[in-house]
Structure formats: C-alpha cells, structure tokens
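# Topology and contacts: notes
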Amino acid sequence: MSEADSHADAKRTAHAATVRRLEQSSGKLAAAAIARMDATLPWYRAMPPENRSWIGLVAQAGIAAFTEWFRHPDAPQAISTDVFGTAPRELTRAITLRQTVEMVRTTIEVVEQAVDEIAAPEGQTALRNALLVYAREIAFATAQVYAQAAEARGAWDARLESLVVNAVVSGEADEGDVSRAAALGWKSPEHVIVVLGSAPNGDSELTVEAIRRAARYAKLQVLTGVLGKRLVVIAGGSDQPLRAAKSLIGPFAEGPVVAGPVVPDLLTATRSAQAAAAGLRACAAWPDAPRPVLADDLLPERAMAGDPVARDLLVEEIYRPLRDAGSALLETLSVYLEQASSLEGAARMLFVHPNTVRYRLRRVTDVTGWSPSDVRSAFTLRIALMLGRLGDAVSHAWS
C-alpha cells in the first residue's frame with residue numbers, strides 16, 4: 001500500500017470514528033446548548049415552557065442535521081430549512097430573527113467547544129472546518145425561514161388590509177373590521193379621515209409602501225389599498241384633514257385628490273369615505289379645485305351631481321341657520337348675491353345704508369362660516385339658498 005493510500009485510509013477511519021462519537025454525543029450536546037441558553041439568554045428564560053420545548057427540538061434537530069451532513073462530506077454542501085420543521089410556524093412570530101440567531105450561535109459554540117473531546121485523533125481539524133461551513137449554511141437557512149414567514153405574513157396582512165379598506169369604502173364596516181384593523185396595528189386613533197384619488201400605473205404594492213413611508217414621516221396611522229383604479233387611504237391621528245392629505249399626496253396619480261371630513265373612529269370612517277367619493281365624482285365641475293381638496297369644499301358640486309348628503313348639509317348648515325336668525329339676514333344675502341356682490345346695489349334695493357348691509361353680511365359669515373364677499377363662498381351660499389327654498393316650497397305644497 002502506498003503512502004498516499006495509507007493516509008487516505010487513516011483519514012477515512014478518523015472520519016468514521018468522529019461520526020460515531022458525534023452521534024453518541026448529540027443528546028449531551030443538545031442538553032448543553034439548552035443549558036447555555038438558559039444561563040445566557042434572558043428572553044429564553046422568560047418564554048413559556050411550550051416555546052422553550054420547541055426551541056430544544058430545533059437545537060436537537062440542528063445537531064442531528066450536522067451529524068448527518070458531516071457523515072457525507074462529499075455530498076452537496078447545503079442545509080435544508082427542515083431543521084426548523086420540527087417547530088410550528090407560529091414559532092417565527094414568538095421568536096424574533098435576532099433571537100433565532102442567538103439560539104443558533106449558542107448551539108454552534110457549544111459544539112465547537114466540544115470538538116476536541118468529540119473528534120477522533122487526527123479528526124479535529126476536519127470536524128472544526130465542517131462546523132464552520134455548517135454554521136454558514138444554517139445561517140442562510142435561518143434567513144430563508146424568516147423570509148418565507150415574512151412573505152406569507154405580508155401577503156396575509158395585505159389581504160386583511162384590503163378587506164378592511166373595502167368594507168369602509170362600501171359602507172359595510174363592522175366590529176369585525178375593527179378587530180382586523182387592530183391585528184394590522186391600527187391603534188384606534190381619535191381622528192380619522194379618508195383620502196381618495198387615482199392610483200398610479202404599475203405595482204400596487206409599491207404604491208402602498210410609498211403611502212406607508214409618507215404616513216410614518218407625517219406620524220399618521222394608515223390603512224391603505226388600491227381598489228380598481230382608485231387609491232384609498234384611511235388616515236388616523238390628525239384632526240386637520242387638508243394637512244394630512246397633503247402629507248400623503250405624493251404616491252397618488254395625476255388628477256383630483258379628495259379628503260373626507262374628520263370622523264371619530266374606523267366604524268364611522270364610511271361617512272368620510274362616502275363624502276370623499278362624492279367629491280371625487282363632482283370634481284369635474286370645478287376644474288380649478290386645489291389638490292388636495294376637502295370634500296366639504298365641494299358641497300355645491302356634490303349637491304348638483306345628486307349627492308343627497310351634500311344637499312342636506314347645505315340646507316342644515318347654511319339655509320336653516322340663516323332662516324332661523326331672522327328674515328333680514330336671508331333677505332340681505334339674497335339681494336346682495338343678486339346684485340353681483342355690490343354693497344351699494346344691495347343697499348339701494350333694501351332701502352338701507354351700505355354699512356347696514358356690511359354688518360348683516362358679517363353676521364351671515366358668523367352664522368354659516370361662509371363669507372359672501374368670497375367668490376367661492378358666495379357660490380356655495382347661492383346653492384344653499386336655492387336648495388333651502390326648494391325644500392320649503394315642497395313642504396308648503398304638502399302641508
């Protein structure tokens with residue numbers, strides 16, 4: 001027998017002996033790894049017994065996989081994620097990636113420190129080198145397990161979020177949707193608005209992620225999704241809808257973006273969503289509308305487009321308060337608008353001093369929140385008067 005053959009035979013003998021010793025020591029090594037975790041990892045000690053037992057099984061599976069892997073050194077050097085198959089999928093939620101890395105590192109350190117004791121004579125170097133390669137492969141396997149879990153969880157969360165957003169937009173939100181939103185991290189903020197606009201072409205996931213980045217920067221909570229061609233954002237944490245909409249407007253496609261009114265919670269967000277949707281449909285009637293625009297600033301266009309909510313708001317918040325404040329305010333406003341917003345013209349028609357008209361118009365602003373001297377507000381006031389009078393005429397006809 002040549003010297004080379006003799007050396008190869010000795011190497012095979014040492015390798016076989018090391019495999020046998022490794023098999024015999026696997027239980028002791030796993031127990032030592034668990035004891036080391038208990039002594040050095042506070043998060044492990046704080047875990048419930050069931051999770052600790054699963055971690056113990058993962059450690060045992062890892063050592064057993066290394067033994068089998070070392071038994072066939074000429075086989076392809078790859079580690080299956082089946083090392084983690086002994087534990088339930090829920091374990092990836094209970095144990096973070098950082099904690100899993102600490103668990104793997106502790107187990108590898110225990111085996112590495114026992115190399116001289118386990119390996120047969122002349123086999124220490126081979127076992128130590130194999131352990132180094134195995135540590136690298138198990139690290140990749142760990143990353144793969146958590147990546148797959150994150151992808152699955154992300155896909156499920158996206159479906160759940162889409163359900164919540166669709167329920168709010170369609171007016172079907174209930175307590176179940178509140179629970180689903182809570183599972184997604186929604187913390188029930190006191191102020192909620194819904195912002196609607198066109199979704200950009202391309203990957204909707206990128207659009208959703210862009211909205212989330214903008215929300216984090218603006219310190220807003222969001223539930224968002226692309227429904228058809230429409231991008232929907234439910235934003236919580238701000239009582240200023242216009243400011244919130246401006247902070248989120250970047251990912252929207254060209255075209256109008258409408259912010260609904262502030263509502264107190266997710267269940268009533270349907271009201272904000274419906275107002276925003278009505279405003280989006282009515283934006284064509286106001287091509288110079290700002291971007292974003294409040295749904296309440298589109299009340300006249302919404303009313304003319306057939307939105308009953310907008311009609312009721314104009315009557316309830318403008319016409320009736322003016323009517324209840326006395327006939328002088330209603331008459332003065334009507335004449336002022338008919339006279340092309342001329343103080344002097346209105347004063348002549350009413351047979352009063354222009355200062356009297358000016359005072360009454362200030363009272364109109366105080367009562368309604370809309371200034372007759374502003375062109376846009378004057379238009380809104382005119383539509384409110386028309387709707388209110390029509391409503392009164394119908395009531396008188398049926399009385």
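Here the structure is a predicted model, which means the values were calculated and not measured. (Residues numbered from 1 in each chain as written. Predicted model: local features only at pLDDT ≥ 70, side-chain atom pairs only at ≥ 80, totals over all residues. Heavy atoms only, no water.)

## Looking at the overall build of the protein chain
- Each helix and strand in the protein chain was counted, giving 17 helices and five strands.
- Expressed as a percentage of its 399 residues, the buried residues of the protein chain come to 43%.
- Nonlocal contacts in the protein chain, meaning residues at least 24 apart in sequence, comprise 69% of its contacts between residues at least 6 apart.
- When the accessible surface of the protein chain is totalled, it reaches about 21500 Å², and 54% of it is carbon and sulfur. (Helix = DSSP H or I, 4+ residues; strand = E, 2+ residues; numbered from the N terminus. Buried < 20%, exposed > 50% of the residue type's maximum accessible area, 1.4 Å probe, protein only. Contact = heavy atoms within 4.5 Å. Areas by Shrake-Rupley, 256 points an atom, 1.4 Å probe, with all protein chains shown as cover.)

## Here's the deal with the side chain of Asp392
- Mapped onto the elements of the fold, Asp392 is located in helix H17 (residues 375-398).
- Relative accessible area serves as the criterion here: at 18%, Asp392 is assigned to the buried category.
- In contact with Asp392, other than residues within four places in its own chain, are Tyr319 and Arg323.

## Notes on the sheet that holds strand S1 (residues 192-198)
- Read across the sheet, five strands follow the order S2-S3-S1-S4-S5 without closing on themselves; strand pairing throughout is mixed. With one partner strand each, in any of the chains shown, strand S2 (221-227) and strand S5 (293-294) form the two edges of the open sheet.
- Judged from the seven bridges that link them, S1 and strand S3 (residues 230-236) form a sheet pairing that is antiparallel. The partner of Val192 across the bridge, within S3, is Gly236.
- In the packing of helix H10 (residues 241-248) onto the sheet, contacts are made with S1, S2, S3, strand S4 (258-259) and S5, and the angle to S1 comes to roughly 45 degrees. (Pairing = 2+ DSSP bridges. Axes fitted to C-alpha atoms, helices over the stretch in contact; angles between N-to-C directions.)

## Considering the nonpolar core
- Counting residues in each nonpolar core, the largest one holds 33 residues, and the members touching the most others are Leu29, Met37, Trp43, Ile55, Phe66 and Leu127.
- At seven residues, helix H3 (residues 49-71) tops the list of elements feeding residues into this core.
- Look past the residues within four positions of Leu127 in its chain and what remains in contact with it is Thr18, Leu22, Phe66, Phe70, Val115, Ile118 and Ala119. (Core = buried A, V, L, I, M, F, W, Y, C linked by side-chain atoms within 4.5 Å.)

## Re the pattern of salt bridges
- Scanning all chains against the criterion turns up 14 salt bridges.
- Note that Arg212 is salt-bridged to Glu209, the shortest N-O span being 4.0 Å. Placement of the pair is Arg212 and Glu209 together in helix H9 (residues 204-218), with a separation of three residues, close to one helical turn.
- What makes Glu209 partly exposed here is its relative accessible area of 29%.
- The partner of Arg302 in a salt bridge is Asp307, with the nearest N and O atoms 2.9 Å apart. Neither Arg302 nor Asp307 differs from the other in exposure class; each is buried. (Salt bridge = Lys/Arg side-chain N within 4 Å of Asp/Glu carboxyl O.)

## Considering unusual backbone geometry
- Residue Pro292 follows Arg291 across a cis peptide bond; omega there is 0 degrees.
- One can find Pro292 in the loop between helix H11 (269-282) and S5.
- The backbone of Ser188 shows a phi angle near 50 degrees, a positive value even though the residue is not glycine.
- If you trace the backbone, Ser188 turns up in the loop between helix H8 (175-183) and S1.

## Concerning helix H13 (residues 308-324)
- A rise of 1.5 Å per residue sets the reference length of H13, with its 17 residues, at 24 Å; its end C-alpha atoms lie 22 Å apart and thus fit the reference within 8%.
- Within H13, the axis deviates most sharply at Val315, by approximately 30 degrees.
- Those residues of H13 that sit buried are Ala310, Leu314, Val315, Ile318, Tyr319 and Leu322.
- Where H13 begins, the side chain of Asp307 points an oxygen toward the backbone nitrogen of Val309, at a separation of 3.1 Å.
- Note on H13: the residue one or two positions beyond its end, Gly326, has a positive phi of about 120 degrees. (Expected span 1.5 Å × (residues − 1). Bend = angle between axes of the 7 residues up to and from the residue. Polar contact = N/O pair within 3.5 Å; in protein donor to acceptor, adjacent residues only side chain to side chain.)

## With respect to a negative patch on the surface
- On the surface, Glu172, Asp174, Glu175 and Asp265 cluster together into a negatively charged patch.
- Locating Glu175 in the fold gives a position in helix H8.
- According to the relative accessible area criterion, Glu175 is exposed, its value standing at 53%. (Patch = residues over 30% accessible without salt bridge, like charges linked within 9 Å, V, L, I, M, F, W, Y side chains within 5 Å. Lys, Arg positive; Asp, Glu negative; His and termini not counted. Charge placed at Lys NZ, Arg CZ, Asp CG, Glu CD.)

## Regarding the pairing of S1
- Within S1, six of the seven residues are buried, which leaves it mostly tucked inside the rest of the structure.
- Bridge count between S1 and S4: two bridges; the pairing is antiparallel. Directly across from Val195, in S4, lies its bridge partner Ala259.

## Quick word on the environment of Ile193
- Within the secondary structure, Ile193 is located in strand S1.
- Distance in space between the C-alpha atoms of Ile193 and Pro241 is 6.4 Å, their sequence separation being 48 residues.
- Here Ile193 is in contact with Val233, Ile234, Ala235, Pro241, Ala244, Gly260, Pro261, Val262 and Ser272, once residues within four sequence places are set aside.

## Points about the pairing of S3
- Judged by how many residues are buried, S3 sits mostly within the fold: six of seven residues are covered.
- Of the strand pairs in this sheet, S2 and S3 are connected by seven bridges, and their pairing is antiparallel. Within S3, the position partnered with Leu227 by the bridge is Arg230.
- With antiparallel pairing between neighbouring strands as the criterion, S2 and S3 make up a hairpin whose turn holds two residues, including Gly228 at a positive phi of roughly 65 degrees.

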